[in-house]
Amino acid sequence: MAKAKSGGKGKGAQGGTPATVALTREGVAFTLHSYAHDPDAPSYGEEAAAALGVSADRVFKTLVADVDGTLTVGVVPVAGKLDLKALAAAVGGKRAAMADPAAAERTTGYVLGGISPLGQKKRLATVVDVSALEHETVFVSAGKRGLEIEIAPGELLRMTGAKTATIGRE
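If you're wondering where the values come from, they're calculated on a predicted model, not measured in any experiment. (Residues numbered from 1 in each chain as written. Predicted model: local features only at pLDDT ≥ 70, side-chain atom pairs only at ≥ 80, totals over all residues. Heavy atoms only, no water.)

## Regarding the environment of T72
And then number 1: Of note, T72 is situated in strand β4 (residues 70–77).
And then number 2: Residue classification places T72 among the buried residues on the basis of a relative accessible area of 2%.
And then number 3: A C-alpha to C-alpha distance of 8.0 Å links T72 and V127, two positions 55 residues apart in sequence.
And then number 4: Among all residues touching T72, those that are not within four sequence positions of it are L63, V64, A65, V67, L87, V91 and A125.
And then number 5: Here the side chain of T72 touches T70 through a polar contact of 3.2 Å, landing on its backbone oxygen. (Helix = DSSP H or I, 4+ residues; strand = E, 2+ residues; numbered from the N terminus. Buried < 20%, exposed > 50% of the residue type's maximum accessible area, 1.4 Å probe, protein only. Contact = heavy atoms within 4.5 Å. Polar contact = N/O pair within 3.5 Å; in protein donor to acceptor, adjacent residues only side chain to side chain.)

In structure tokens, the structure reads:
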């Protein structure tokens, strides 16, 4: 496992992605963690937790859903699942379904398995599972497979404009 701390490195930084560039530009403290990604891993998030040696309740996956025709981001622990009804309710919607993968990639600018809630091409409404607040830091994708950002939950919420709600389930 390689680990690199950000210190205003910008685009030239190891693993520079739109997510790390946005955090660096705003002066947000974060730690970048990289690991050897296995393309055959059944769960990218659980792979990240195991590779980084952290509890799966601290590693969060970024999922894009269609809520009443509007793409919306749900950020939940990798150990659980996204509760689509709860996500819809959190943003005042009625129905939610997982977004078309191509639409999710096109709108966020990231590939599946590497979608970050940070630095997306188009800023989407975002809801982070309230369990993130139980941790001093959480891990989210840095924008490519095999690269995670460790960040304080409050900074994640601020940088994404997210609200919190109970949107994860086991």
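Moving on from the model shown.
## Remarks on the pairing of strand β7 (residues 125–129)
Consecutive residues of a regular strand have side chains that alternate between opposite faces of the sheet.
And then number 1: Buried residues dominate β7, accounting for four of its five residues.
And then number 2: Of the pairings in the sheet, the one linking β4 to β7 comprises four bridges and is parallel in character. Counted as the bridge partner of V73 is T126 from β7.
And then number 3: As judged from the three bridges shared by β7 and strand β10 (residues 163–165), these two strands associate in the parallel manner. What sits directly across from V128, in β10, is T164. (Pairing = 2+ DSSP bridges.)

## A word on unusual backbone geometry
And then number 1: Phi angles above zero are rare outside glycine, and D68 is one such case at about 50 degrees.
And then number 2: Locating D68 in the fold gives a position in the loop between β3 (60–67) and β4.

## Thoughts on the pattern of salt bridges
Side chains that differ in charge, positive against negative, can pair when their charged atoms come close.
And then number 1: If you walk through the whole model with that rule in mind, you get two salt bridges.
And then number 2: Linking E150 and R58 is a salt bridge whose minimum nitrogen-to-oxygen distance equals 3.3 Å. Residue E150 is found in strand β9 (residues 147–151), and its partner R58 is found in the loop between α2 (44–52) and β3; the two are separated by 92 residues along the sequence.
And then number 3: A relative accessible area of 17% means that E150 is categorised as buried.
And then number 4: On the accessibility criterion, R58 (21% relative accessible area) is partly exposed.
And then number 5: Linking E155 and R158 is a salt bridge whose minimum nitrogen-to-oxygen distance equals 2.9 Å. (Salt bridge = Lys/Arg side-chain N within 4 Å of Asp/Glu carboxyl O.)

## A look at the nonpolar core
And then number 1: Membership of the largest hydrophobic core comes to 30 residues, with the highest contact counts inside it found for L23, V64, L118 and I149.
And then number 2: At the level of elements, α1 (18–26), β3, β4, α4 (101–108), β8 (138–144), β9 and α5 (153–160) are the ones that each hand at least two residues to this core.
And then number 3: Look past the residues within four positions of L23 in its chain and what remains in contact with it is V28, F30, L118, I149, I151 and M159.
And then number 4: With 11 residues, the next largest nonpolar core counts A86, L87, A90 and A165 among its residues. (Core = buried A, V, L, I, M, F, W, Y, C linked by side-chain atoms within 4.5 Å.)

## Describing the sheet that holds strand β6 (residues 96–98)
And then number 1: Ordered by their spatial adjacency, five strands build an open sheet running β6-β3-β4-β7-β10, and the pairing between neighbours is mixed. Two strands lie at the open edges of the sheet, namely β6 and β10, each paired on one side alone. Strand-to-strand, the axes of this sheet are offset by a mean angle of 35 degrees, without reference to chain direction. (Axes fitted to C-alpha atoms, helices over the stretch in contact; angles between N-to-C directions.)

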